[in-house]
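Residue-level listing of the chains:
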Amino acid sequence: MARAIGLLILLAAGVALALFLRDLGGAIEMTVGSTFVAVPLWLALLALVIAFAVVHLLLVGWRSLRNWPARIRARRAERHRRDGDAAVTRALVALAAGTSDQARLEIRRARKLLGDTPQTLLLTAEAERAAGRNDAANEAYKALAAREDGKFLGLRGLLRDAMERQDWPVAQRLAREAEAAQPGATWVREERAALALRTRDWREALALSPPTVTGTTRASLALAAAAQEPDAEKAAELEKQALSADPGFAPAALAQAHRLEAMGSPRRAKTVLQTAWAAAPHPDLAEAYMAGEKDSLARVKAAEALTHANRTHPESRLVLARTALAANLTGRARAELEALLASGGADRRAYLAMVDMEAVELGDSAAGRAAEAKWLRAAAEAPPEPRWRCYACATDHAAWAPVCEHCGTAGRINWTGTPASAGGTLTAS
Ligand SMILES: [Zn+2]
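Keep in mind that this is a model prediction, so the values were computed, not measured.

A. Region of interest: the overall build of the protein. In terms of helices and strands, the protein carries 20 helices and five strands. Its C-alpha atoms give the protein a radius of gyration of 46 Å, clearly above 22 Å, the size a compact globule of 429 residues would have. Dimensions along the principal axes, computed over C-alpha positions, put the protein at roughly 165 × 45 × 40 Å. Within the protein, the fraction of its 429 residues that count as buried is 36%.

Right, here's the structure in full:
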């Protein structure tokens, strides 16, 4: 409107100027050869204005003609982008709704319109994966991983697939690449920790375990790592780490004692066993402690030395009673066993030791047989002896192991004689 008014004013001014010039009179005179031309001034000025307008229009028209293909291209690109974005949205909706075939169709359309962008490649991979076409999904992930801006996304997809296929060497390589592409990413750290557990790379599992993993679980990982460690010094350090995580963890104490013994330090080995016994008595510790003693009286002395820190513990009383019985010190053996039964902490082994003691004291007599039968009945009803048990699936194991072969859980095989420490959880999935 304002523009129209402006134009009107300009036109009126032009007409007024033309009228004024006509009234003013005057002419432009030209002589070409012998021809003489005289044009009124107002007409000459009008011709000049018209010529200027025509040249201007021609120039504008030419420029517009020249930019025509570029404009068409830009319009087409804009339309493609709009349609492509709409197809991406529809693909996302189809993926969320679980209609993977529809998602594949939409994402193919989007890819045709938008080309290979990180978004279209990722969606292609996800849609193919959802449709169960893992090879096609991996192709898209590979294309994504080859790009600088989509590298991590591509590696993440490939790693997930390798873990599902249980292709551990490939998964480990991809995890390293992902770590390099996105250092410190929490997801990569968790995947690497799970991978370490799956591949039983205990050193890596220990290094990547979260701080919530403590107690026996951490001790198990450290001891398992020590067993894999070829460098003796590093292995010894890992064993120490296991014992500091759980000072009563018998397998770690035994490993450290064996190492010290092999290094020619039997006294230090014994001290390690004594310290572990004071923290949590375990029959294997007693066996290792008395392994060198052949004489039965020497074994009694050794048992006393081992148990002096907690000699009223049921396990201490049992080992004292058994060594005393083996040395024919039946009075002492009886005193220990009766104290053990009175304490309420006796298990089947204490009753079986009573059977042995009655056999030694009363021999093959009617009284002896009656006493043996009495203790055997009591043994049958007594709580079972402690054992290694997986606290994840409650399977019993003959010996400690870093991982339960029954359920595949790592670091959860604990000695039932000691209260189970929670110690955090490790997941390998
Ligand atoms: Zn288990």
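B. Looking closely at the domain arrangement of the protein. Under the domain assignment used here, the protein contains domain 1 (71–202) and domain 2 (213–389). Taken over C-alpha atoms, the centre of domain 1 sits 57 Å from the centre of domain 2. In this complex, domain 1 contributes four residues to the contact, which on the side of domain 2 involves four residues. Interface of domain 1 and domain 2: buried area, both sides summed, is about 310 Å²; carbon and sulfur atoms make up 64% of it. When residues of domain 1 are sorted by the area they lose upon contact with domain 2, Leu-197, Arg-200 and Trp-202 head the list and together hold 97% of the total.

C. Spatial organisation of unusual backbone geometry. Although it is not a glycine, Arg-200 adopts a positive phi angle of roughly 55°. Note on Arg-200: relative accessible area 32%, which makes it partly exposed. In this model, Ala-394 sits at a positive phi of 65°, which is unusual for a non-glycine residue.

D. Main features of the packing of helix 13 (residues 250–262) against helix 14 (residues 266–279). For the pair helix 13 and helix 14, the least separation of the axes is 7 Å and the interaxial angle reads 170°. Here helix 13 is positioned roughly antiparallel relative to helix 14, judged by the angle of their axes. Contact residues: Ala-253, Leu-254, Gln-256, Ala-257, Leu-260 and Glu-261 in helix 13; Pro-266, Arg-268, Ala-269, Val-272, Leu-273 and Ala-276 in helix 14. Residues of the contact of helix 13 with helix 14, tallied by class, amount to nine nonpolar, one polar and two charged.

E. Molecular detail of the sheet that holds strand 5 (residues 413–415). Strand order in this open sheet of three strands is 4-3-5, and the pairing throughout is antiparallel. Only two strands of the sheet have a single neighbouring strand rather than two, namely strand 4 (396–397) and strand 5.

F. Representation of the packing of aromatic side chains in the model. Under the definition given, this model contains four aromatic pairs. Both rings, one in Tyr-351 and one in Trp-375, keep their centres 6.2 Å apart while their planes meet at 45°; by these two values the pair is tilted. Pair noted here: Tyr-351 is in helix 19 (residues 348–362) and Trp-375 is in helix 20 (residues 366–381), with a separation of 24 residues, a long-range link. Like Tyr-351, the residue Trp-375 is buried in the burial classification. The ring of Trp-187 is capped by Arg-156, whose NZ or CZ atom sits 4.6 Å from the centre of that ring. When the ring centre of Trp-375 is taken as origin, the NZ or CZ atom of Lys-374, which lies over that ring, is 4.4 Å away.

G. Spotlight on a nonpolar patch on the surface. A contiguous nonpolar patch, built from Trp-42, Leu-43, Leu-46, Ile-50, Val-54 and Leu-58 and spanning about 540 Å² of accessible area, is present on the exposed surface. Mapped onto the secondary structure, Ile-50 falls in helix 2 (residues 41–66).

H. Local environment of helix 9 (residues 186–198). For helix 9, built from 13 residues, the straight-helix expectation of 18 Å at 1.5 Å per residue is met to within 8% by its first-to-last C-alpha distance of 18 Å. Residues of helix 9 that are buried make contact with helix 7 (151–164), helix 8 (168–181), helix 10 (202–208) and helix 11 (215–228). Among the residues trailing helix 9, Arg-200 stands out with phi positive, at a value near 55°.

Each value, and the rule that gives it
- Residues numbered from 1 in each chain as written.
- Predicted model: local features only at pLDDT ≥ 70, side-chain atom pairs only at ≥ 80, totals over all residues.
- Heavy atoms only, no water.
- Helix = DSSP H or I, 4+ residues; strand = E, 2+ residues; numbered from the N terminus.
- Rg over C-alpha atoms; globule rule 2.2 N^0.38 Å.
- Buried < 20%, exposed > 50% of the residue type's maximum accessible area, 1.4 Å probe, protein only.
- Domains from an automatic or database assignment.
- Contact = heavy atoms within 4.5 Å.
- Buried area = accessible area lost by both parts, 1.4 Å probe.
- Axes fitted to C-alpha atoms, helices over the stretch in contact; angles between N-to-C directions.
- Parallel < 35°, antiparallel > 145°, perpendicular 65-115°, else oblique.
- Nonpolar A, V, L, I, M, F, W, Y, C, P; charged D, E, K, R; others polar.
- Pairing = 2+ DSSP bridges.
- Phe/Tyr/Trp six-rings, centres within 6.5 Å; stacked < 30°, edge-to-face > 60°.
- Lys NZ or Arg CZ within 6 Å of the ring centre and 35° of its normal.
- Patch = residues over 30% accessible without salt bridge, like charges linked within 9 Å, V, L, I, M, F, W, Y side chains within 5 Å.
- Areas by Shrake-Rupley, 256 points an atom, 1.4 Å probe, with all protein chains shown as cover.
- Salt bridge = Lys/Arg side-chain N within 4 Å of Asp/Glu carboxyl O.
- Expected span 1.5 Å × (residues − 1).

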